[in-house]
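# Observations on the three-dimensional arrangement
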Amino acid sequence: MSLTIGVPREIYAGEKRVAAVPEVVEKLIKLGFAVRVESGAGAAANFSDESYQAAGAQIVASAAELMGGSDILFKVRAPAPDEIALMRPGSTLISFIWPAQNPQLMQQLADRKLTVLAIDSLPRQLSRAQKMDALTSMASISGYRAVIEAANAFGRFFNGQITAAGKIPPAQVFVAGAGVAGLAAIGTAANLGAIVRANDTRAEVADQVVSLGGEFVKVDYEEEGSGGGGYAKVMSEGFQQAQREMYAKQARQADIIITTALIPGKPAPKLITAEMVQSMKPGSVIVDMAGEQGGNCELTVPGEAVVRHGVTIIGYTDLVSRLAKQASTLYSTNLLRVTEELCKTKDGVLNVNMDDDAIRGLTVIKDGSITWPPPAPKLPAAPPQAKPAAAATPAKKSGHGHGAGEPASATSLAIIFGAGALLFWLVGAFAPASFLAHFTVFILACFIGYMVVWNVTPALHTPLMSVTNAISSIIAIGALVQVAPPLLAGTEGRPDTLILGLAVLALTLTAVNMFGGFAVTRRMLAMFRK
């Protein structure tokens, strides 16, 4: 029997997102689920009840009716105690939970005998978990929106302009923290034409900052700042002192500061002091994206925009909800990917597989038992290193000769050189003297052609040109040997007229081939010059 997914209206103050959009509802129904949506659940994100009905969902009038009759609940914010009381015992909840920060909530959910998947507990280090990573989706939206809020409060253009009325310098933007939200802010500000600088405790993000059009500002203190799960770690006091000095310098120069520093389970670190705010230019803007956890600025008022010392300090805690339609679409897509992992049979039945690292990390409560924190996920083993060529197992000998690319054995080389020596002895013993002279010239021409032409760096010509020029060199040297005697010794030793004519013809054709090849090569190289 297929299960029912319920999508209630969010009751958290200022929350405009909805956990499933009509487009995703259609896909959930194709997986075999029935979908019920509380009336007005998507109104704040511009999704009407009619759009959900058109997608195949059933509209339910009240939260009590919806939650009491649903096997699975999709939510954005963690449920309030009143909502938990309405949930059917034994049902499944997929939502933001933040188990480390909410132990009381965890116990209330466990007492209700629920199975809870916390979307914020996804093991982000697993590559296949990226499609389910709602934290990244929401952070990218909040970083973008932070720049839009800053532009709204800022009194000038972001990009520099030269007009008939005067020159307008570009805005100077400093981003503290280059995680997902910070990188989104850097890219947005750079695209608007601002000069962007950024800092992060993790040195490895410097290349990402530069690739988005920003400049990475390094703290003059050596300490690695990478933490687990894609977050930064708490730094030493020495590093923090050097960091404060750098922030003080940037505050004096910047028109806009965007702070994103946040470590899960800990209060937001205070990066921007009141003295730094006072040193900023009048009309400057600070967007504190850590306002919900107390803020990175000492003067931030969570949820409000205030003016202190002539600087506008924005501490909004609902940046994601200010792009409710886009945020709802991305979040519901993340939940769809989670559901696909839970229902691989597409029969409308969930299978919470605790042997799956991604699902195990998400599952914080299973059938009323708290399973958080999960064990460390099993990362894939590093690929084995290739064995040195010398240690490779030799191929089995075969009576049909050597395989492709297999070096000849010492016995084979001895046989080949012995046969060559025997051939040369036969030529020297029985061939006429005139043939021997020409044969010697031929061998020398081959050797010179190989050494002179084929030793040229391959980057200067193609393999085909190498062979062509080698053959041309052989012909040219042979022809010169035939033409040289009459030029050096008069009529004495003059070769036959036919041989002399063929030698001159060979020289002419070879010269055309060689000089023509150089001309074509020069034209080809000219095509790549600016």
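As shown above, the structure is provided for reference.
Since the model is a prediction, treat every value here as computed from it, not as a measurement. (Residues numbered from 1 in each chain as written. Predicted model: local features only at pLDDT ≥ 70, side-chain atom pairs only at ≥ 80, totals over all residues. Heavy atoms only, no water.)

Helix and strand counts for the protein chain stand at 16 helices and 17 strands. Across the 530 residues of the protein chain, 40% fall into the buried class. Contacts in the protein chain between residues at least 24 apart in sequence constitute 62% of all its contacts with a sequence separation of at least 6. Carbon and sulfur atoms make up 61% of the accessible area of the protein chain, which totals about 28500 Å². (Helix = DSSP H or I, 4+ residues; strand = E, 2+ residues; numbered from the N terminus. Buried < 20%, exposed > 50% of the residue type's maximum accessible area, 1.4 Å probe, protein only. Contact = heavy atoms within 4.5 Å. Areas by Shrake-Rupley, 256 points an atom, 1.4 Å probe, with all protein chains shown as cover.)

Two modes of strand pairing occur in sheets, parallel and antiparallel, and in both the strands are linked by backbone hydrogen bonds. Taking strand neighbours across the sheet as the criterion, the seven strands line up as S11-S10-S9-S12-S13-S15-S14 in an open arrangement whose pairing is mixed. The open sheet has two free edges, formed respectively by strand S11 (215-216) and strand S14 (305-308), since each of these has just one partner strand. The pairing of strand S9 (residues 172-176) with strand S12 (residues 256-259) spans four bridges and is parallel. When the bridges of S12 are listed, Val175 appears paired with Ile258. (Pairing = 2+ DSSP bridges.)

With that settled, the discussion passes to the sheet that holds strand S4 (residues 72-74). Spatially, the eight strands line up as an open sheet ordered S3-S2-S1-S4-S5-S6-S16-S17, and their pairing is mixed. Each end of this open sheet is capped by a strand with a single partner; those strands are strand S3 (58-60) and strand S17 (369-370). In this sheet, S4 lies alongside strand S1 (residues 4-7) in parallel orientation, the contact comprising two bridges. Within the sheet, the bridge partner assigned to Ile5 lies in S4 and is Ile72. Its contacts with the sheet put helix H5 (residues 103-111) on strand S5 (92-95), strand S6 (115-118), strand S16 (363-366) and S17, and the angle it makes with S16 is roughly 40°. Across the sheet, helix H11 (residues 324-342) lies against S4, S5 and S6, angled at about 140° from S5, the strand it touches most. (Axes fitted to C-alpha atoms, helices over the stretch in contact; angles between N-to-C directions.)

Here the focus is the nonpolar core. Counting residues in hydrophobic clusters, the biggest one holds 48 residues, and the most contacted among them are Leu28, Phe74, Ile94, Ile119, Tyr331, Val338 and Leu342. If you list the elements that add at least two residues to this core, you get S1, helix H1 (22-30), strand S2 (34-38), helix H2 (49-55), S4, helix H6 (134-153), H11 and helix H12 (357-362). Considering each element in turn, this core owes the most residues, seven residues, to H11. Apart from the residues within four sequence positions on either side, Leu28 is in contact with Ile5, Phe33, Val35, Phe74, Leu336 and Thr339. (Core = buried A, V, L, I, M, F, W, Y, C linked by side-chain atoms within 4.5 Å.)

The next point concerns the pattern of salt bridges. Enumeration over the complete set of coordinates arrives at 22 salt bridges. The partner of Lys75 in a salt bridge is Glu83, with the nearest N and O atoms 3.4 Å apart. Glu83 carries the same exposure label as Lys75, and that label is buried. Linked through salt bridges whose partners overlap, the residues forming this network are Arg128, Lys131, Glu341, Lys344 and Asp356. (Salt bridge = Lys/Arg side-chain N within 4 Å of Asp/Glu carboxyl O.)

For the rest of this paragraph, the subject is the pairing of S16. Along a regular strand, successive side chains alternate from one face of the sheet to the other. Of the strand pairs in this sheet, S6 and S16 are connected by two bridges, and their pairing is antiparallel. Across the sheet, residue Val116 finds its bridge partner in S16, namely Ile365. Bridge count for S16 against S17 is two bridges, and the pairing is antiparallel. Residue pairing across strands places Ile365 opposite Ile370, the latter belonging to S17. Hairpin connection from S16 to S17: two residues lie between these consecutive antiparallel strands, with Asp367 at a positive phi of about 55°.

Moving on, we come to the side chain of Glu149. Relative to the helices and strands, Glu149 resides in helix H6. We classify Glu149 as buried; its relative accessible area is 7%.

Moving on to H6. With 20 residues, H6 should cover 28 Å at 1.5 Å per step; its first-to-last C-alpha distance of 29 Å lies within 8% of that length. Measuring from the side-chain oxygen of the N-cap residue of H6 to the backbone nitrogen of Leu135 gives 3.3 Å; that N-cap residue is Asp133. (Expected span 1.5 Å × (residues − 1). Polar contact = N/O pair within 3.5 Å; in protein donor to acceptor, adjacent residues only side chain to side chain.)

Checked against the element boundaries, Pro99 lands in the loop between S5 and H5. When the C-alpha atoms of Pro99 and Ala78 are compared, they prove to be 9.9 Å apart, with 21 residues separating the residues in sequence. When sequence neighbours within four positions are dropped, the list of residues in contact with Pro99 reads Met106, Ala118, Asp120, Ser121, Val364 and Trp372.

The analysis is restricted to geometry; functional conclusions fall outside its scope.
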